[in-house]
Every structure is written in structure tokens, then in C-alpha cells.
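Examination of the molecular architecture
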Amino acid sequence: MALIVIVVVANWRSADEVPLGFLYLFPMLMLGRVLRPWQTIVAAALCTYLTEVFDPFAWEFRNGVTRDVLYFVAFFTIGIFVYQVSRNRAVMDAQLRQIEIQSAARLEAEQQLLSLIESSPAAIITTKFDGTILMANEAAQRLLCGTSSPRLVGRTLHDFLPSLLHVTQRDPGHHSFRTVMQARGRRMDGDTFLAEVCFSTYSTVAGPRFTAMILDSSEELRSREESSLHQMLAGSRLAVSAMSHEIRNVCGAITVVHRNLSHAHGEVFDKDFEALGNLVLALERIAAVDLRPYPEQLARVDIHALLEDLRIVIAPSLQDCAATLVWNLEPHLPLVWADGTNLMQVFLNLTTNSIRALSQVEYPAVLEIHAFQKETTVIVEVQDNGGGVPNVEQLFRPFQEGAQNTGLGLYLARAFTRAFRGDLQYRAIPNGACFMVKLQSVEDEL
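Everything numeric in this text was worked out from a predicted model, so none of it was measured.

Rules and cut-offs
- Residues numbered from 1 in each chain as written.
- Predicted model: local features only at pLDDT ≥ 70, side-chain atom pairs only at ≥ 80, totals over all residues.
- Heavy atoms only, no water.
- Helix = DSSP H or I, 4+ residues; strand = E, 2+ residues; numbered from the N terminus.
- Contact = heavy atoms within 4.5 Å.
- Areas by Shrake-Rupley, 256 points an atom, 1.4 Å probe, with all protein chains shown as cover.
- Expected span 1.5 Å × (residues − 1).
- Bend = angle between axes of the 7 residues up to and from the residue.
- Polar contact = N/O pair within 3.5 Å; in protein donor to acceptor, adjacent residues only side chain to side chain.
- Pairing = 2+ DSSP bridges.
- Axes fitted to C-alpha atoms, helices over the stretch in contact; angles between N-to-C directions.
- Core = buried A, V, L, I, M, F, W, Y, C linked by side-chain atoms within 4.5 Å.
- Buried < 20%, exposed > 50% of the residue type's maximum accessible area, 1.4 Å probe, protein only.
- pLDDT = per-residue confidence, 0-100.
- Left-handed = near helix turned anticlockwise from the far one by under 90°.
- Nonpolar A, V, L, I, M, F, W, Y, C, P; charged D, E, K, R; others polar.
- Patch = residues over 30% accessible without salt bridge, like charges linked within 9 Å, V, L, I, M, F, W, Y side chains within 5 Å.
- Salt bridge = Lys/Arg side-chain N within 4 Å of Asp/Glu carboxyl O.

Section: the overall build of the protein
Helix and strand counts for the protein stand at 11 helices and 12 strands. Here the analysis covers contacts within the protein between residues at least 6 apart in sequence; of these, 60% occur between residues at least 24 apart. Carbon and sulfur atoms make up 58% of the accessible area of the protein, which totals about 27,000 Å².

Some details on helix α9 (residues 303-320)
With 18 residues, α9 should reach 26 Å at 1.5 Å per residue; the first-to-last C-alpha distance of 26 Å fits that figure. Taken as a whole, α9 carries its principal kink of about 45° at I314; the proline P316 stands between one and four residues after it. Tucked into the core, α9 has its buried residues touching β6 (299-301), β7 (324-329), α10 (340-358), β9 (366-374), β10 (377-384) and β12 (432-440). You can read the cap of α9 off the contacts: a side-chain oxygen lies 3.1 Å from the backbone nitrogen of H304, and it is on D302. Two residues or fewer past α9, A322 is found with a positive phi of approximately 55°.

Focus on the sheet that holds β9
In a beta sheet, neighbouring strands are held together by backbone hydrogen bonds and run either parallel or antiparallel to one another. Ordered in space as β7-β9-β10-β12-β11, the five strands form an open sheet in which the pairing is mixed. Because the sheet does not close on itself, it has two edges, and the strands there are β7 and β11 (423-429). Within this sheet the neighbouring strands show an average axis-to-axis angle of 15°, counted without direction. Contacts from α9 reach β7, β9, β10 and β12, with the element oriented near 175° to β7. Running over the sheet, helix α11 (residues 409-419) touches β11 and β12 and is turned about 125° from β11.

Topic: the side chain of S120
Checked against the element boundaries, S120 lands in the loop between α4 (61-119) and β1 (123-128). Looking at S120, its side chain comes within polar contact range of the main-chain nitrogen of A122, at 3.1 Å. Sequence-distant contacts of S120, defined by excluding residues within four places in its chain, comprise N137 and A139.

Structural notes on the nonpolar core
One finds L307, L343, F347 and F435 to be the most contacted residues of the largest nonpolar core, which totals 44 residues. Per-element tally for this core: the top contributor is α10, with eight residues. Dropping the residues within four chain positions of it, L307 is found in contact with W327, L329, F347, A371 and V380. Counting residues in each nonpolar core, the second largest holds 22 residues, with I125, L143, C145 and F160 among its members.

A closer look at the sheet that holds strand β2 (residues 133-136)
Strand order in the open sheet formed by five strands is β2-β1-β5-β4-β3, with antiparallel pairing between adjacent strands. One side of each edge strand has no neighbouring strand; the edge strands of this open sheet are β2 and β3 (178-186). Neighbour to neighbour, the strand axes of the sheet diverge by 30° on average, direction disregarded. Bridge count for β1 against β2 is three bridges, and the pairing is antiparallel. Considered in β2, the bridge of I125 is made with A136.

Let's talk about the confidence of the model for the protein
Scored by pLDDT, the protein has a mean of 77; 68% of the residues are at 70 or more. Contacts of residues 289-295 to residues separated by more than four positions or lying in other chains number nine contacts, the stretch itself having pLDDT below 50.

Looking at α11
Residues L410, Y411, L412, A413, F416 and T417 constitute the buried set of α11. Residue R421 follows α11 closely and has a positive phi angle near 65°.

Some points on the environment of N431
Mapping N431 onto the fold places it in the loop between β11 and β12. Residue classification places N431 among the partly exposed residues on the basis of a relative accessible area of 48%. With sequence-adjacent residues up to four places away left out, N431 is seen in contact with Y363, D384, N385, G386, G387 and G388.

What to know about the pairing of β11
In this structure, β11 lies alongside β12, joined through seven bridges in antiparallel fashion. Directly across from R427, in β12, lies its bridge partner C434. Taking the residues between adjacent antiparallel strands as the criterion, β11 and β12 are bridged by two residues, where N431 takes a positive phi near 60°.

Concerning the packing of α9 against α10
The interhelical angle for the contact between α9 and α10, taken along N-to-C directions, is 35°, at an axis separation of 10 Å. As for the relative orientation of α9 and α10, their crossing is right-handed in sense. Residues I303, L306, L307, D309, L310, V313, I314, S317 and L318 of α9 form the contact with α10, whose own contacting residues are G340, L343, M344, F347, L348, T351 and I355. Of the residues in the contact of α9 with α10, the class split is 12 nonpolar, three polar and one charged.

Quick word on the packing of α10 against α11
Running from N to C, α10 and α11 cross one another at 145°; their axes reach a closest spacing of 9 Å. For the element pair α10 and α11, the recorded crossing hand is left-handed. Across the interface between the two elements, N342, V346, N349, L350 and N353 of α10 pack against G409, L410, A413, F416 and T417 of α11. Residues of the contact of α10 with α11, tallied by class, amount to five nonpolar, five polar and no charged.

Focus: a nonpolar patch on the surface
Together, V65, V69 and V73 line one region of the surface with nonpolar side chains, adding up to about 210 Å² of accessible area. Counting through the fold element by element, V65 comes out in helix α4. On the basis of relative accessible area, V65 is assigned to the partly exposed category, the value being 34%.

Regarding unusual backbone geometry
Trans peptide bonds make up the majority, and among non-glycine residues the majority have a negative phi. For R421, which is not a glycine, the phi torsion comes out positive at approximately 65°. Position of R421 relative to the elements: it lies in the loop between α11 and β11. Since its relative accessible area comes to 44%, R421 is described here as partly exposed. With phi around 60°, N431 is a residue other than glycine that occupies positive phi space.

So, in C-alpha cells, the structure goes:
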């Protein structure tokens, strides 16, 4: 407003000499930054009035109205122009601040993502769709090339994982996909390894991209195979031991018959009879070979965790036979001495037998698993209402007639539990069967 007053004074002093009405444009430039549009109209009208008052020209309706309209339009337009410019600048400043905030957040997210990728123990690789490696973290460098070898960036992923060649040869116009596969990998030095590969595709402005996360599962494969070999050897020795036991029983009976016939007929026997005696002696020597199970490497086993794994394994089979599972584990059971893998085989054998029996019943099938502690022993009961066991006296004998597979399941299960310094027992219940696995608790030796 002070500027308007100055212009008014200057215009008043020089009104008769030089018209200074155009000077009101400068106050309108200043006022347009702070006034609202309706306030700008008032200011423009005021400046128009002041210009007309100190204008040396006589006011007539015909010329005066036209002149005043031009004054007003000029003043109002310059004020609105400055108002819009100021407003747009404020909006741009706010957007710029928002962009700066977003850029800082994006930069922080990128740094966190890069830190996560670089610190990941899994090898992470990003490639073009033709397999050219664009990015590889340190784990990928160590896995495929080693620390002293050339960098992976710029090389072709197919040189290390040939199985991915058919994946990257897909039409990049297809929708993005993600999946997991197991493949054979090849390191820079020619060594092969078993790889678990999780990969996905996505699109960018620069074109389609392929990202893979690679895990070396060779050690897991070795451990699994070694464990399987150990179980196979242990089971085979138990099976052969059981067979030797049965052979000894048969040989004993044949020896008695051979001796009785020899005494009954004196020295009168032919070559075939003598050969039969020699055959019996040879079988006895074979059966006398000491084949004991490998000593188990006992460890502390969490029976709660092991039974929860068992529950996951048998769930589909229970659904197939429409059986109900009754799960009753006593809380805070102590650790037990056992071999976890073999103990799982024991429970799998018992539950598989129960589920097989339950699949034959017409009434509601129920499988019950109870676990509780009794003094220094942890007892796990596997109970079903599948009709029970007809010949209890032959339950744990090997090579039973009519048994599934080799008929060694329960024999090996009891052999395993006894190797754990425990036992496997059978208890008859009405219209069903109950097997009790007794395991020694770790608390007993602490």
C-alpha cells in the first residue's frame, strides 16, 4: 500500500505535465503475490480510480469507460498473473520437496536392498534375458568363480547353469513367472555341484530381466545319502542277523532229525545221507557269523519336535482313510537318548501299520498318539481301533507269512529301540492295538 501512496503523490504533483498512471502496475506486481483473486479485483479497481482521478484527460462516458476498462484489465491481469506464478511456484516447491523426500527414501531402500543382497549367504544373480549377467553378489562370486577369479558381470549364466538355457529362451513377451528347480551347476574350475535355484522374470524399461537365487545343496545331498547308507547297512545287518537266527533254528531241527536217523540205522547210510549232514554243518557255520547292528550314535532328541514332524508326515494318509487323529502329548517332556532318523522310522512303521489297519474298518477310524513320562522313561503309545493283532506271539518275528513287504518292519523297529536302550512292546486293547515305545530320558544320566 505504501507504494500506491507514493505513486499517488507522484501522479498528483505531475498530473498536468506527464500522466503516471502506468506506475500502478508496480504495486499490482507486489500485491499479486499476497492478495487473493477477489482482493486483486478490489486493488485493480482502486488503481483504476486513482489513475482516472489524476489523469489530465477529461472524462467523458464514451471515452472514459473504454479507458477505465483498459486500466482495470491491465491492473487485474498483471495481479492475477503474479498470483498464478506465485501459486505455481509454491506448488512446484512442495512437489520438489516431496520428490527429494521420495528420492532419499528410495536411495535408503536401494542401499538396504544392496546391503541385504551383498550380505546374503545365497548367490543372487540378475541377467538380461539372453543370460548376460548384470549383477552378482559376493556369494555368487564365491560359489561360481571363487574370490580370485574374474568377476561374473558380463559373463553368461548358461556357462554355470546350463539347465536355465531353455528358461531364458522363452518368449520375453510372456507374462512374468517365478518357480523353483533343482539343477546341476558347474563352477569356473569345472567342478559340478547340486543347486537349488529360485528364479523369476520381470520387465523393466530397458527390457525383460531374469533373477536367480542359487543355493549349493551338495552337502545336504551328501548328508542325506550317507544317512541313507547308514540306515541301509544297519537295517541289512539286522535283517541278515534275523535270517541267521531262523537258519540256526532250522539247522538245529534238521541236526536232531539227522542224529536220530543215524542212531536208528547204525552205520548203514548212503552218500546222500552223509551229504545231508555236511550241508547242515555248512548252514550252521554260515548262520553262526556274528552280524550285529552298527552301534547307534545316540544323541539328545526332542521327542515333542520329532512327533510334530511325524504328524506332518502322516497327515495326508490319515485324510485318505478318513481317520481321526487324537493327539495327546504331555507338556515339558524331557529329551531322550536316540538316533533321530531311526526313531522317526520306528514311529513311521507303527503309524503306517495302524493306518493300513484303519483303512479296512467300516466304523469311525481313530488313531491315538499319547506321550508321557513315567519315572526316568518317556513312553509313546501308538493306538488304533483297527481290529488288533491276531497272532501276538509271532508279532515281532521276522519274515512272517502274509506280512507286507519283507515282514521285517516290527522286528527292525524293536531292534532300533533296543539299540537306543529302550524297548518296543505290544499291549492288547478292545477292538484295537497299542504299541508302546519306551525311551530313556536324558535326565536319568544328568
